[in-house]
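# Structural overview
The residues making up each chain are set out below.
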Amino acid sequence: MPYAIGAVIGVVFGALVGIFVGIIVRKKIGEKAIGSAESEAKRIREDGIKEAESRKKEALLEAKEDILRQRNDADREIKERRAEVTRMERRLAQKEETLDKKTDQLERKNEQLEKSLHENELVREQIQQVLRQHLKTLEELSGVSVEDAKQMLFERVESETKYELAQRMIELEEQFKEEADGKAKEIICLAIQRTAADQVVESTISVVNLPSEEMKGRIIGREGRNIQKLETLTGVELIIDDTPEAITLSGFDPVRREIARLALEKLISDGRIHPARIEEMVDKATHEVEAAIKQAGERATFEVGIHGINSELVRLLGRLRYRQSYGQNVLKHSVEVAFLAGIMADELGVDSTVARRAGLLHDIGKAFPHDVEGSHVEIGVNAAKKYKESRDVVHAIEAHHNDVEPKTIIAILVQAADAISAARPGARREDLENYIKRLEKLEEIAMSFSGVEKAFAIQAGREIRVMVKPEDVNDESMKIIARDMAAKIKSEVKYPGQIKINVIRESRAVDYAK
């Protein structure tokens with residue numbers, strides 16, 4: 001047992017000794033490692049210091065080199081600037097020297113000019129003095145004052161200028177007539193031939209045939225109720241007279257007259273004639289006429305070949321079917337004007353589509369009721385603007401009766417086409433009173449000119465023959481009188497087609513043998 005305890009104690013002691021020795025050994029090893037690390041750190045610090053010193057020196061060296069380079073660049077730029085300034089100063093000095101020389105030259109020239117002006121003024125005064133002396137001598141010799149001489153000179157110059165102007169006008173007209181007349185006649189004749197159409201004269205009455213005389217009494221009705229109802233609804237007067245088996249419808253509105261005619265024919269065919277039935281038939285006839293108006297407008301646009309017209313304008317065109325001007329159907333007239341304007345536009349190389357469109361719409365203002373204020377030109381222009389027609393079309397409508405001066409070829413073509421359509425034989429009729437007034441107005445205008453002795457309107461007002469006094473009007477002045485007379489007739493008289501002014505000057509020599 002003691003041996004066991006001693007052994008344990010020995011083992012424990014040995015372990016303690018081993019631990020102690022290990023601690024001493026690790027301490028020496030640690031101290032050695034610390035010393036080695038410290039020496040290594042010292043070495044690294046010294047190396048870092050050396051490297052930093054080296055880099056610092058390199059940076060300083062680079063900075064010095066950069067500063068030196070910038071300084072050299074700045075010195076070079078300064079030298080260049082100084083050289084440029086020197087050159088500019090030299091050029092300025094040269095310019096200043098040149099300006100000084102020019103200033104000296106101008107001053108010398110001014111002196112010379114002043115001297116010349118002074119000399120000229122002296123010469124002028126001498127000339128004026130001599131001229132006054134000569135004028136005084138001339139007045140004494142001729143017995144005519146300066147003012148009288150001036151007046152005589154002006155009159156002579158005016159007379160010679162007027163003569164030369166008339167001669168020049170005659171030459172120019174002859175020159176242009178040879179070229180223009182043939183072409184104009186060719187175009188107009190071609191247009192008329194290609195649009196030859198029948199002319200229908202309409203009146204303000206319509207006649208409805210009856211199956212028997214007994215039908216008149218049924219149309220009148222008890223105490224006239226039926227005829228009063230029909231007249232009230234249509235605004236047309238029914239004339240029932242001794243004409244066998246016929247009733248006359250009278251009214252200035254052709255649309256209303258057509259509605260009354262259709263309604264009356266339906267009532268006669270139906271046989272039931274009383275106020276309620278009359279109202280029903282008038283309503284049906286109104287719808288039929290409206291449909292016919294729309295169809296007529298569409299047919300006119302298709303016939304002319306114009307598309308894209310506003311539907312309201314198409315309806316207004318259809319209403320022209322029931323309108324007439326001097327007996328000429330306005331819709332047929334408008335279609336004819338469209339064709340004429342389009343053909344002439346093609347011959348002249350102008351847009352024929354615009355010409356046909358303007359020709360078709362030129363009288364659109366006549367489609368409006370009579371209670372709309374303004375002339376048919378003003379109404380037509382407003383309608384065309386409202387429904388977005390082009391500027392050329394609006395201007396052609398506005399200018400086709402010369403309410404404004406035509407400024408486009410389209411407007412002039414529509415004007416010409418309108419005159420051709422209205423002036424063709426049988427196209428229009430005119431009452432006797434207006435016809436006589438127009439002839440009297442033509443003769444009155446002709447007699448208002450100085451030097452006119454007699455004037456006669458002949459050929460149904462299409463020519464006016466003017467006799468002038470040969471002692472007051474010479475051959476050259478005749479042309480001026482004819483031109484001025486044409487302008488005055490154009491501005492004061494409304495007429496279809498054209499009027500020829502024929503000025504005649506006759507000289508006679510009379511003597512007697514005794």
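I will try to describe carefully the structure that is included in this document. (Residues numbered from 1 in each chain as written. Predicted model: local features only at pLDDT ≥ 70, side-chain atom pairs only at ≥ 80, totals over all residues. Heavy atoms only, no water.)

### A look at the overall build of the protein chain
Helix and strand counts for the protein chain come out as 14 helices and eight strands. A burial count over the protein chain gives 29% of its 514 residues as buried. The long-range share in the protein chain, meaning contacts at least 24 apart out of those at least 6 apart in sequence, stands at 64%. Of the roughly 35000 Å² that the protein chain leaves accessible, carbon and sulfur atoms contribute 54%. (Helix = DSSP H or I, 4+ residues; strand = E, 2+ residues; numbered from the N terminus. Buried < 20%, exposed > 50% of the residue type's maximum accessible area, 1.4 Å probe, protein only. Contact = heavy atoms within 4.5 Å. Areas by Shrake-Rupley, 256 points an atom, 1.4 Å probe, with all protein chains shown as cover.)

### Here we look at the sheet that holds strand β8 (residues 500–505)
Taken together, the three strands give an open sheet; going across it, the order is β6-β7-β8, and neighbouring strands pair in mixed fashion. Every interior strand has two partners, whereas the edge strands, β6 (452–458) and β8, have only one. Geometrically, the sheet is characterised by an average inter-axis angle of 20 degrees between neighbouring strands, direction not taken into account. Taken together, the six bridges between β6 and strand β7 (residues 463–468) define a ladder with antiparallel strand orientation. (Pairing = 2+ DSSP bridges. Axes fitted to C-alpha atoms, helices over the stretch in contact; angles between N-to-C directions.)

### Brief notes about the pairing of strand β3 (residues 246–250)
Summarising burial for β3: four of the five residues are buried, a large majority. By the bridge criterion, three bridges tie strand β2 (residues 237–239) to β3 in an arrangement that is antiparallel. Residue Ile239 lies in a different strand from β3, and its bridge partner there is Thr248.

### Structural notes on the pattern of salt bridges
For the structure on display, the rule yields 21 salt bridges. Residue Lys266 pairs with Glu288 through a salt bridge whose shortest N-O separation is 2.6 Å. Residue Lys266 is located in helix α5 (residues 254–270), and its partner Glu288 is located in helix α6 (residues 275–304); the two are separated by 22 residues in the primary sequence. Look at the salt bridges and you will find they share partners, linking Asp270, Arg272, Arg277, Glu280 and Lys284 into a network. (Salt bridge = Lys/Arg side-chain N within 4 Å of Asp/Glu carboxyl O.)

### Brief notes about a nonpolar patch on the surface
A surface patch of nonpolar side chains, about 640 Å² in accessible area, is lined by Phe13, Val17, Phe20, Val21, Ile24, Val25 and Ile29. Within the element layout of this structure, Val21 appears in helix α1 (residues 2–142). (Patch = residues over 30% accessible without salt bridge, like charges linked within 9 Å, V, L, I, M, F, W, Y side chains within 5 Å.)

### So, the nonpolar core
What tends to happen in soluble globular proteins is that the nonpolar side chains get buried as a cluster. Leu313, Leu320, Leu360, Leu361, Ile364 and Ile410 are the most contacted members of the largest nonpolar core, which has 41 residues in total. Broken down by secondary-structure element, the contributors of at least two residues to this core are α6, α7 (311–319), α8 (330–348), α9 (352–361), α10 (376–386), α11 (391–399) and α12 (409–423). If you tally residues by element for this core, the top one is α8, at nine residues. Residues Ile247, Ala260, Ile278 and Val282 belong to the second largest nonpolar core, which totals 27 residues. (Core = buried A, V, L, I, M, F, W, Y, C linked by side-chain atoms within 4.5 Å.)

### Describing the packing of α6 against α8
Geometrically, a packed helix pair is captured by the angle between its two axes and the distance between the axes. One way to put it is that α6 packs onto α8 with a least axis distance of 10 Å and a crossing angle of 15 degrees. Comparing the axis directions of α6 and α8 gives the class roughly parallel. The two elements α6 and α8 cross, and the hand of that crossing is right-handed. For the pair α6 and α8, contact is made by Ala296, Ala300, Glu303 and Val304 and by Leu331, Val335, Ala338 and Phe339, respectively. In terms of residue class, the contact of α6 with α8 is built from seven nonpolar, no polar and one charged. (Parallel < 35°, antiparallel > 145°, perpendicular 65-115°, else oblique. Left-handed = near helix turned anticlockwise from the far one by under 90°. Nonpolar A, V, L, I, M, F, W, Y, C, P; charged D, E, K, R; others polar.)

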